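# Structural overview
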Amino acid sequence: MNFVDLIIKKRNRQELTADEINFFIHGVTKKSIPDYQISAMLMAICFNSLTERETADLTTAMTHSGNVLDLSCIDGIKVDKHSTGGVADTTTLILAPLTASLGLPVIKMSGRGLGHTGGTLDKLESIPGFNVNIEMHKAIEQVNNNHIVIMGQTNELAPADKYLYALRDVTGTVESMPLIASSIMSKKLAGGADGIVLDVKWGKGAFMKNIEDAKALAREMIKLGKNLSKKVVALITNMDEPLGMNIGNSVEVIEAIEILKGHRNGALKDVSLALGAEMLVMGGIAENPETALALLEENIRNKKGLYKFAELISLQGGIPAVIDNYSLFPQRMCKSALISEEDGYIQEIDALLIGHAASVTGAGRKTIDDPIDYGAGIMLKKRVGDKVSRGEILARVFAENNEKCEAANQIIKQAIKIGSEKPEKKPLIYEIIR
Ligand code: URA
């Protein structure tokens, strides 16, 4: 097979066969196709899309480009969860210990933050000593004994996706529905779980800017899972404003702990519990989402979720005392407050801009090798729809120096819009597609 013929075929809107797609992904994995030809193929897919059959074949080929994990040595139904990415999205740190405390085996492979979005691994590493580099046999032992492990994804898992994603990032080919769906689902399917709960986000801080695209992406991923007899449920959730109030690393862990202590309610808790409830139903621990929600609330009240989080920290080398003593987290002494200059109601808090502002404080990275400042970040004091008076604090910023605080403040100022009328709130959880 000559790869240029396949590029021309896709450029001319013809359907690629399963053999041709396998040849493409084999060439990516073995590095036998040069980057310029892969990029041309990605652009042709971006323009002309893929049929349902082609997307399924691409997903299968990417899933098998590396190891497919066999989790059969872990007792119980293994349920994974994936978010398509957002700002202040700390749901994993809340739902993983809560569902594990109810007996669900949670083996969670997470990623790092890039651009305006944060990553679970970076957040966990803000806990002094916490180790995310766990070998697979140790992870399996930990889940069998303690029901929970949160670790970095191994290099052998869907390596074709890793290579393609890096190329897509620099060739303007990320925003393609079949490419996003196959990228996410190949990693999840290679992860070996029996079922997957997806949080598909739409809005200013998400890949999908409108709800119809988010629903189409969700349906595509559900189909891909079903082809391989996996149970998949997708929640369509709003990401116009940041999900939680804290944006950064240690500040987001602190917010998760506050929710596990039962001290805080709001959007982050609501989405975490809704996702956790679907996981419990899929895992056979609860009969329906209502019962599951009650179980999760109960394990916030009785602190079992909080104790499970402390246990996880301890098992992976961290200091569990951070749970009661937040001063053990890395802290930034340089703080500033953004003050409202007018009376009114918060109309908008642009999640994308807030994500950029958090990056400017040092909490995020522009390239995958950039260092992270774990103690930097933002604490928002208001949400969309809240009343605000002139002189009130809108947000606090933590950074290494005044310049970074000031630069972040300028971006947050643009992100928060105030007006005289109370705005109508968009639903947080728009739909659950089963
Ligand atoms: N997340 C992924 O893992 N892949 C994409 O293509 C987009 C978001």
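Look up a bit, the structure's there.
Residues numbered from 1 in each chain as written. Predicted model: local features only at pLDDT ≥ 70, side-chain atom pairs only at ≥ 80, totals over all residues. Heavy atoms only, no water.

## Side note on the overall build of the protein
Secondary structure summary: the protein contains 16 helices and 13 strands in total. Scaling as 2.2 N^0.38, a compact globule of 434 residues should have a C-alpha radius of gyration of about 22 Å, and the protein matches this with 22 Å. Dimensions of the protein, computed from C-alpha atoms along their principal axes, come out at roughly 65 × 45 × 40 Å. Burial analysis of the protein (434 residues in total) assigns 57% to the buried set. Within the protein, residue pairs in contact and separated by at least 24 positions form 79% of the contacts whose partners lie at least 6 positions apart. (Helix = DSSP H or I, 4+ residues; strand = E, 2+ residues; numbered from the N terminus. Rg over C-alpha atoms; globule rule 2.2 N^0.38 Å. Buried < 20%, exposed > 50% of the residue type's maximum accessible area, 1.4 Å probe, protein only. Contact = heavy atoms within 4.5 Å.)

## Here we look at the packing of aromatic side chains
All chains considered together, the criterion is met by 3 aromatic pairs. With centroids separated by 5.4 Å and ring planes inclined at 25°, the aromatic side chains of Phe3 and Phe24 adopt a geometry described as stacked. Taken together, the residues Phe3 in helix α1 (residues 3-11) and Phe24 in helix α2 (residues 18-29) connect sequence positions 21 residues apart. Residue Phe24 is classed as buried on the basis of its relative accessible area, which comes to 3%. (Phe/Tyr/Trp six-rings, centres within 6.5 Å; stacked < 30°, edge-to-face > 60°.)

## A few points about the site of the ligand
Neighbouring the ligand are the residues Tyr165, Arg168, Ile180, Ser183, Ile184, Lys187 and Phe207. At 3.0 Å, a side-chain N or O of Arg168 approaches an oxygen atom of the ligand. Here an oxygen atom of the ligand sits 2.5 Å away from a polar atom, N or O, in the side chain of Lys187. Out of a free accessible area of 240 Å², the ligand has 91% covered by protein chains. Going through the elements one at a time, α8 (159-171) and α9 (177-190) are the ones with two or more residues in the shell around the ligand. (Near = heavy atom within 4 Å. Polar contact = N/O pair within 3.5 Å; in protein donor to acceptor, adjacent residues only side chain to side chain. Areas by Shrake-Rupley, 256 points an atom, 1.4 Å probe, with all protein chains shown as cover.)

## Some words on the side chain of Ser65
Looking at the element boundaries, Ser65 is found in the loop between α4 (52-63) and β1 (79-83). The buried category is assigned to Ser65, whose relative accessible area is 15%. There is a polar contact of 2.7 Å between the side chain of Ser65 and the backbone oxygen of Met62. Within the local environment of Ser65, its side chain forms a polar contact with the backbone nitrogen of Ala160, the two atoms lying 3.1 Å apart. Once residues lying within four places of it in the same chain are set aside, the contact partners of Ser65 are Ile25, Thr29, Ala158, Pro159 and Ala160.

## What to know about the sheet that holds β1
Pairing is mixed in the open sheet, where 4 strands are placed in the order β1-β4-β5-β13. In this open sheet, the two edge strands, each paired with only one partner strand, are β1 and β13 (429-433). When the angles between neighbouring strand axes are averaged without regard to direction, this sheet yields 15°. Bridge analysis of β1 against strand β4 (residues 195-202) gives 5 bridges, and the strand direction is parallel. (Pairing = 2+ DSSP bridges. Axes fitted to C-alpha atoms, helices over the stretch in contact; angles between N-to-C directions.)

## Some points on the sheet that holds strand β10 (residues 387-388)
Strand pairing in a sheet is mediated by backbone hydrogen bonds. Such pairs are either parallel or antiparallel. A sheet is described by the order of its strands in space; here 3 strands give the open sequence β10-β8-β12, paired in antiparallel fashion. Of all the strands in the sheet, the pair left with one neighbour each is β10 and β12 (416-419). Summarising the sheet, strand β8 (residues 344-349) and β10 pair through 2 bridges and their orientation is antiparallel. Bridge pairing in β10 links Gly344 to Val388. Strands β8 and β12 of the sheet are contacted by helix α16 (residues 402-415), whose axis makes an angle of about 45° with β12.

## Looking at helix α14 (residues 304-315)
For α14, which comprises 12 residues, the first-to-last C-alpha distance of 16 Å matches the rise-based estimate of 16 Å (1.5 Å per residue) to within 8%. If you check which residues of α14 are buried, you get Gly305, Leu306, Lys308, Phe309, Ala310, Leu312 and Ile313. Those residues of α14 that are buried lie in contact with α5 (91-101), α6 (120-125), α7 (136-146), β3 (148-152), α11 (250-260) and α13 (289-301). Within two residues after α14, Gly317 carries a phi angle of roughly 85°, on the positive side. (Expected span 1.5 Å × (residues − 1).)

## Side note on the pairing of strand β7 (residues 334-339)
Judged by which residues are buried, β7 turns out to be one-sided: Cys334, Ser336 and Leu338 face inward and are buried, whereas Lys335, Ala337 and Ile339, on the alternate face, are not. For β7 and strand β11 (residues 393-399), the ladder comprises 6 bridges, and the chain directions are antiparallel. If you follow Leu338 over to β11, its bridge partner there is Ala395.

## Topic: α8
Between its first and last C-alpha, α8 extends 19 Å over 13 residues, near the 18 Å set by a 1.5 Å rise per residue. On its buried face, α8 sits against α2, α3 (35-48), α4 and α9. Phi turns positive, to about 65°, at Gly172, one or two residues after α8.

## A few points about the packing of α8 against α9
Relative orientation of the contacting elements α8 and α9 amounts to 145°, with a least axis distance of 10 Å. Considering the relative orientation of α8 and α9, their crossing is left-handed. Note on element contacts: α9 touches α8 through Leu179, Ile180, Ser183, Ser186 and Lys187, opposite Asp161, Tyr165 and Arg168. The class makeup of the residues in the contact of α8 with α9 is 3 nonpolar, 2 polar and 3 charged. (Left-handed = near helix turned anticlockwise from the far one by under 90°. Nonpolar A, V, L, I, M, F, W, Y, C, P; charged D, E, K, R; others polar.)

## A few points about the pattern of salt bridges
Enumeration over the complete set of coordinates arrives at 27 salt bridges. The salt bridge partner of Lys9 is Glu20, with a shortest N-O separation of 2.9 Å. Residue Lys9 is located in helix α1, and its partner Glu20 is located in helix α2; the two are separated by 11 residues in the primary sequence. Grouping residues by exposure puts Lys9 and Glu20 together as buried. Of the charged contacts in the structure, one is a salt bridge between Glu297 and Lys269, with a shortest N-O distance of 3.2 Å. With a gap of 28 residues between them, Glu297 in helix α13 and Lys269 in helix α12 (residues 267-282) connect regions that are remote in the sequence. (Salt bridge = Lys/Arg side-chain N within 4 Å of Asp/Glu carboxyl O.)

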